[in-house]
Amino acid sequence: MNNPLQTIKHLDIAPLLESYREIAKKDKLDGFNVFTLTSDLYYRENYHSDILTGFLRYKDEGSGRYILLEAFIEMLNAARKSDNKASIGGFSNPVIEREQNRIDILIKDENTTRCIIIENKINDAVDMPRQLPRYYEIMSQVENCHVDAIVYLTLIPDKLPDRRNWSKADCESIDCRLIPIPVVNSENKISLLANWVNPNLTKISDLDVRIPFVQYGRLLEKLSNNMNKLEKVKELSRVLQDTDKNESLADDVFSLRDMINLLPEAMADDLGVCLLQYKTNEKLPFEILKWQPNSCVVNLGNQNMIYVYCQFNQKEAYEVGISDFSKNDRLPNWLNERIEQQHLETFSPHKISIDAQGGLKYEFGYKEKSLVISFVKKLISLFQDSKK
């Protein structure tokens, strides 16, 4: 068996790892986002259809124009131009409907009976048999509408409708109207984010609309990145399962996985050794304890504790907090205030947040072990000073 630490240099997976890292760098959804707060919902197909319908219905109070609808049609025309198709005209009296005849989003012009069908596959739902041809037939033959376009919204670029049940007539009717629009496209082609969301952020005067529009764009980017990362993992799975070509590679990866699973415990033990050496050198009266395998706890006496939890995470690898078990609560505000006033700029933790008991916790990145040790030493020093 090869050395598992050399696995990442394997010719078959090195390009996969590099492309995965490039995708991960684009994942910028940090901080507050109203859409991720509804985390149980934004993976549902109808959720996105409802949000898109709301934005398309937005009417600017000053001009009386449907700014985002107009911009959406401009994006469709840009896509049609690249495919040498005729442009779509404006809608003078638009109505945007949800689930009419089971169509995700339907844009109609009441004055001309023209319409645009939008099929939302942002959450990668599968196509039903003859789904788009059926919608076209309903709108053109039953509703007597002229279908200008059929928009196929997807997360993954180049994804197209499933045509296995389509007739030749179906293909002829749909192909001239079909406009696939991915959420993000890395090849500078038309996409929902680059050609609809981003160009129109400054055109929305109403903050109640602009801010959600900005945050929805960030959510779309995150979902697209997640999907692209999953595709790379699928590629990795196929490489590992190709036993004829990579007989020992899977075993190496499993060994590496087991080592990674033990990393948090190793990180905590390493911290404990460093702090124990500090205690010995400075002759300080504290103990090093372990609550869980991935923890390093400094017992300062009188049930005062500094704890560090470790996890294998690039940005939030070390979580440092302070406990006073005699009060079943976090330590007095004087300590947090002193840390904030004198030392946060020096130590620059990745994130400061509130734990379940209402106390502050300080998080540091994986490569910031020396900062964590210095920070814990400073906390110990503050405790010692408070006793003088």
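Structure report, in brief. (Residues numbered from 1 in each chain as written. Predicted model: local features only at pLDDT ≥ 70, side-chain atom pairs only at ≥ 80, totals over all residues. Heavy atoms only, no water.)

Quick look at the pairing of strand E4 (residues 146-154) now. Strand residues, when the strand is regular, have side chains that alternate between the two faces of the sheet. Burial of E4 is extensive: eight of the nine residues sit out of reach of the surface. Across eight bridges, strand E3 (residues 114-121) lies against E4 in parallel orientation. Looking across to E4, one finds that isoleucine 117 is bridged to isoleucine 150. Between E3 and its parallel partner E4, the chain crosses via helix H5 (residues 131-142), and the hand of that crossover is right-handed. At this point the chain moves from E4, through helix H6 (residues 168-175), to the parallel strand E5 (residues 178-182), and the crossover so formed is right-handed. (Buried < 20%, exposed > 50% of the residue type's maximum accessible area, 1.4 Å probe, protein only. Helix = DSSP H or I, 4+ residues; strand = E, 2+ residues; numbered from the N terminus. Pairing = 2+ DSSP bridges. Right-handed = clockwise from strand over helix to strand, strands pointing away.)

What follows is about the nonpolar core. The tendency in soluble globular proteins is for nonpolar side chains to be buried side by side. Among the nonpolar cores identified, the biggest contains 43 residues, and Ile116, Ile181 and Trp196 are the most heavily contacted of them. Within the residue set of this core, elements represented by two or more residues are helix H3 (45-56), helix H4 (67-82), strand E2 (105-109), E3, E4, E5, helix H7 (192-197) and helix H8 (207-241). Considering every element that reaches this core, the biggest residue donor is H4, with eight residues. In contact with tryptophan 196, not counting residues within four places along its chain, are Leu52, Phe55, Leu56, Leu68, Ala71, Phe72, Met75, Ser191 and Phe213. Formed by 26 residues, the second largest nonpolar core is a distinct cluster that contains Tyr278, Cys310, Phe364 and Ile380. (Core = buried A, V, L, I, M, F, W, Y, C linked by side-chain atoms within 4.5 Å. Contact = heavy atoms within 4.5 Å.)

Time to look at the side chain of arginine 177. Within the secondary structure, arginine 177 is located in the loop between H6 and E5. Aspartate 148 provides the closest opposite charge to the buried, salt-bridge-free arginine 177, at an N-O distance of 6.9 Å. Once residues lying within four places of it in the same chain are set aside, the contact partners of arginine 177 are Arg80, Lys85, Tyr136, Val147, Asp148, Ala149 and Ile150. (Lys, Arg positive; Asp, Glu negative; His and termini not counted. Salt bridge = Lys/Arg side-chain N within 4 Å of Asp/Glu carboxyl O.)

Once that is clear, we can look at H8. Because an α-helix packs 3.6 residues into every turn, residues spaced three or four apart end up facing the same way. Spanning 35 residues, H8 covers 51 Å between terminal C-alpha atoms, matching the ideal 51 Å at 1.5 Å per step. For H8, the N-terminal capping position is held by aspartate 206, with its side-chain oxygen 2.9 Å away from the main-chain nitrogen of aspartate 208. (Expected span 1.5 Å × (residues − 1). Polar contact = N/O pair within 3.5 Å; in protein donor to acceptor, adjacent residues only side chain to side chain.)

Once that is clear, we can look at the packing of aromatic side chains. Scanning the entire structure with this criterion turns up 10 aromatic pairs. Between tyrosine 362 and phenylalanine 375 the ring centres are 5.1 Å apart and the planes differ by 70 degrees, which places this aromatic pair in the edge-to-face class. Of this pair, tyrosine 362 sits in strand E11 (residues 360-364) while phenylalanine 375 sits in helix H12 (residues 369-386); the two residues are 13 residues apart in sequence, bridging distant segments of the chain. Given a relative accessible area of 1%, tyrosine 362 falls into the buried group. A relative accessible area of 1% means that phenylalanine 375 is categorised as buried. (Phe/Tyr/Trp six-rings, centres within 6.5 Å; stacked < 30°, edge-to-face > 60°.)

The sheet built from five strands is open, its strands ordered E1-E2-E3-E4-E5 with mixed pairing. Looking at the sheet topology across the chains shown, the edges are occupied by strand E1 (94-98) and E5. Strand-to-strand twist in this sheet, taken as the mean axis angle between neighbours without regard to direction, amounts to 20 degrees. Summarising the sheet, E2 and E3 pair through four bridges and their orientation is antiparallel. The partner of isoleucine 105 across the bridge, within E3, is isoleucine 118. Most of the contacts of H4 go to E5, to which it runs at about 110 degrees, and overall it touches E1, E2, E3, E4 and E5. (Axes fitted to C-alpha atoms, helices over the stretch in contact; angles between N-to-C directions.)

Scope: geometric values only; no functional claims are made or implied.
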